[in-house]
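Topology and contacts: notes
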Amino acid sequence: MPELPEVETTRRGIEPHLLNQRVIQVIVRHPRLRWPIPEDLDIRLSGQTIVAVERRAKYLMIHAEVGTLLCHLGMSGSLRLVPADTPAEKHDHVDIVLESGQALRYTDPRRFGAMLWTHDPLNHQLLSKLGPEPLSPEFDGKRLFDCSRKRSMAVKPFIMDNAVVVGVGNIYASEALFKAGIDPRREAKSISRARYDKLADEIKKVLAYAIELGGTTLRDFVGGDGKPGYFQQELFVYGRADQPCKVCGSLLKDIKLGQRASVYCPRCQR
Ligand SMILES: [Zn+2]
């Protein structure tokens, strides 16, 4: 599933090809994504120039002069630039044809993604209740501490709650908790401000590093040799159940927390 670093990598990849480009046509081959693509999307977007490409949480916001295309990649979606006359394959659901002769092509085998039109993206119901961006100054140990005082849930699902902070998926939550030395089962409200300061720092570090490397999880980001990305080789706990901890040698444990697999080191994480 594309996580925040993959979405940011996508944004950085498509932005230079979209900025100041006029849209010639929107071709929708399969409107049924998680929600239907608006029937009038071609009428609304064609003829307009793209003025900005931003990201909020895992949503891409492609701003036209009037209105914004809100995209979510769901479980298996991807966006890439192709020559506009490239034949569409089975899962290529949308082309946004640009005056450059390229098309922004949306591909999504599982069709859990979204492509919606809005005039006020940040107040859209999908975005309006989201917590701060993890790499912004609004997210820090104080934020985690303040949000957690009445929460008796485990700390791992707590930091994965989009209302607390966005974009901390299972990989990043697992790795940041390991680096901060915090047991993922610990009650959110029982953790000190100092430990939350450390945890917020580790969340920022792991996400910034993943963005720098272009993400971890998308097949598109696997190297041409078929080997997993560099980041994957550097994981300390995620996906390493029953293997020795790279720090202390103890066998890593695997538990379920909030329906998610959670690997941790019983010695390094308290
Ligand atoms: Zn350990």
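Residues numbered from 1 in each chain as written. Predicted model: local features only at pLDDT ≥ 70, side-chain atom pairs only at ≥ 80, totals over all residues. Heavy atoms only, no water.

An unreviewed UniProt entry lists the chain under the name Formamidopyrimidine-DNA glycosylase, with Thiopseudomonas alkaliphila as the source organism. According to UniProt, the comment filed for the chain under the heading Subunit (unreviewed entry) is "Monomer." What UniProt records for the chain under Sequence similarities (unreviewed entry) is the sentence "Belongs to the FPG family." (UniProt positions renumbered as here; feature names shortened; annotations may be inferred.)

1. Quick word on the packing of helix 1 (residues 4-18) against helix 6 (residues 193-212)
Packing of helix 1 against helix 6 brings their axes to within 9 Å, and their N-to-C directions diverge by 40 degrees. Considering the angle they form, helix 1 stands oblique to helix 6. Crossing handedness for the pair helix 1 and helix 6: right-handed. Contact residues: helix 1 offers Leu4, Pro5, Glu8, Thr9 and Arg12, while helix 6 offers Leu207, Ala210 and Ile211. (Axes fitted to C-alpha atoms, helices over the stretch in contact; angles between N-to-C directions. Helix = DSSP H or I, 4+ residues; strand = E, 2+ residues; numbered from the N terminus. Parallel < 35°, antiparallel > 145°, perpendicular 65-115°, else oblique. Left-handed = near helix turned anticlockwise from the far one by under 90°. Contact = heavy atoms within 4.5 Å.)

2. A word on the packing of helix 5 (residues 170-180) against helix 6
One way to put it is that helix 5 packs onto helix 6 with a least axis distance of 8 Å and a crossing angle of 130 degrees. Compared by their axis directions, helix 5 and helix 6 come out oblique. With respect to the hand of their crossing, helix 5 and helix 6 are arranged in right-handed fashion. Facing Tyr172, Glu175, Ala176, Leu177, Lys179 and Ala180 of helix 5, the residues of helix 6 in contact are Arg195, Lys198, Leu199, Glu202, Ile203, Val206, Leu207 and Ala210. When grouped by side-chain class, the residues that make up the contact of helix 5 with helix 6 number 9 nonpolar, no polar and 5 charged. (Nonpolar A, V, L, I, M, F, W, Y, C, P; charged D, E, K, R; others polar.)

3. A word on the sheet that holds strand 7 (residues 102-107)
The sheet built from 4 strands is open, its strands ordered 1-6-7-5 with antiparallel pairing. The open sheet has two edge strands with one neighbour each: strand 1 (23-28) and strand 5 (78-83). Neighbouring strand axes in the sheet, compared pairwise and without regard to direction, differ in orientation by 20 degrees on average. (Pairing = 2+ DSSP bridges.)

4. Remarks on the pattern of salt bridges
When charged atoms on two side chains of opposite charge get close, those side chains can pair. Per the counting criterion, the structure on display carries 18 salt bridges. Here Arg22 and Glu99 are joined by a salt bridge, their closest N and O atoms 3.9 Å apart. Linking Arg22 in the loop between helix 1 and strand 1 with Glu99 in the loop between strand 6 (92-98) and strand 7, this pair joins segments that are 77 residues apart in sequence. Taking the relative accessible area as the measure of exposure, Glu99 reaches 43% and is therefore partly exposed. Connected through shared salt-bridge partners, Glu8, Arg11, Arg12, Glu15, Arg55, Arg56 and Glu133 make up one network. (Salt bridge = Lys/Arg side-chain N within 4 Å of Asp/Glu carboxyl O. Buried < 20%, exposed > 50% of the residue type's maximum accessible area, 1.4 Å probe, protein only.)

5. Brief notes about helix 1
With 15 residues, helix 1 extends 20 Å between its outermost C-alpha atoms, agreeing within 8% with the 21 Å of an ideal straight helix rising 1.5 Å per residue. Looking at the residues trailing helix 1, positive phi occurs at Asn20, about 65 degrees. (Expected span 1.5 Å × (residues − 1).)

6. Comments concerning the sheet that holds strand 4 (residues 68-72)
Note: strands within a sheet are paired through backbone hydrogen bonds, in either parallel or antiparallel orientation. With antiparallel pairing, the 4 strands of this open sheet are ordered in space as 2-3-4-8. Looking along the sheet, the strands with just one partner apiece sit at the ends: strand 2 (50-56) and strand 8 (114-118). Averaged over all adjacent pairs, the angle separating strand axes in this sheet is 20 degrees, with direction ignored. For strand 2 and strand 3 (residues 59-64), the ladder comprises 6 bridges, and the chain directions are antiparallel. Note on strand 3: the bridge partner recorded for Ile50 is Ala64. Packed onto the sheet, helix 1 meets strand 2 and strand 3 and runs at close to 175 degrees relative to strand 2.

7. What to know about the domain arrangement of the chain
What the domain assignment lists for the chain is domain 1 (4-118) and domain 2 (141-264). The centre of domain 1, based on its C-alpha atoms, is set 30 Å off from the matching centre of domain 2. (Domains from an automatic or database assignment.)

8. With respect to the packing of aromatic side chains
By the definition in use, this model includes 2 aromatic pairs. An angle of 20 degrees between the planes, with centres 5.3 Å apart, marks the rings of Phe178 and Phe236 as stacked. Of the two residues, Phe178 sits in helix 5 while Phe236 sits in the loop between helix 7 (230-233) and strand 9 (253-257), which places them 58 residues apart along the sequence. Overall, Phe236 belongs to the partly exposed group, its relative accessible area being 21%. Positioned above the aromatic ring of Phe236, the side-chain terminus of Lys246 is 5.6 Å from the ring centre. (Phe/Tyr/Trp six-rings, centres within 6.5 Å; stacked < 30°, edge-to-face > 60°. Lys NZ or Arg CZ within 6 Å of the ring centre and 35° of its normal.)

9. Digging into the UniProt feature "binding site: DNA" (unreviewed entry) in the chain
Using the residue numbers shown here, the UniProt feature "binding site: DNA" (unreviewed entry) corresponds to His91, Arg110 and Arg151. What stands out for the annotated residues spanning 61 residues is how far apart their C-alpha atoms range, the widest pair being 41.8 Å apart. Summarising the element assignment, His91 is placed in the loop between strand 5 and strand 6. His91 sits in the partly exposed class, given a relative accessible area of 28%.

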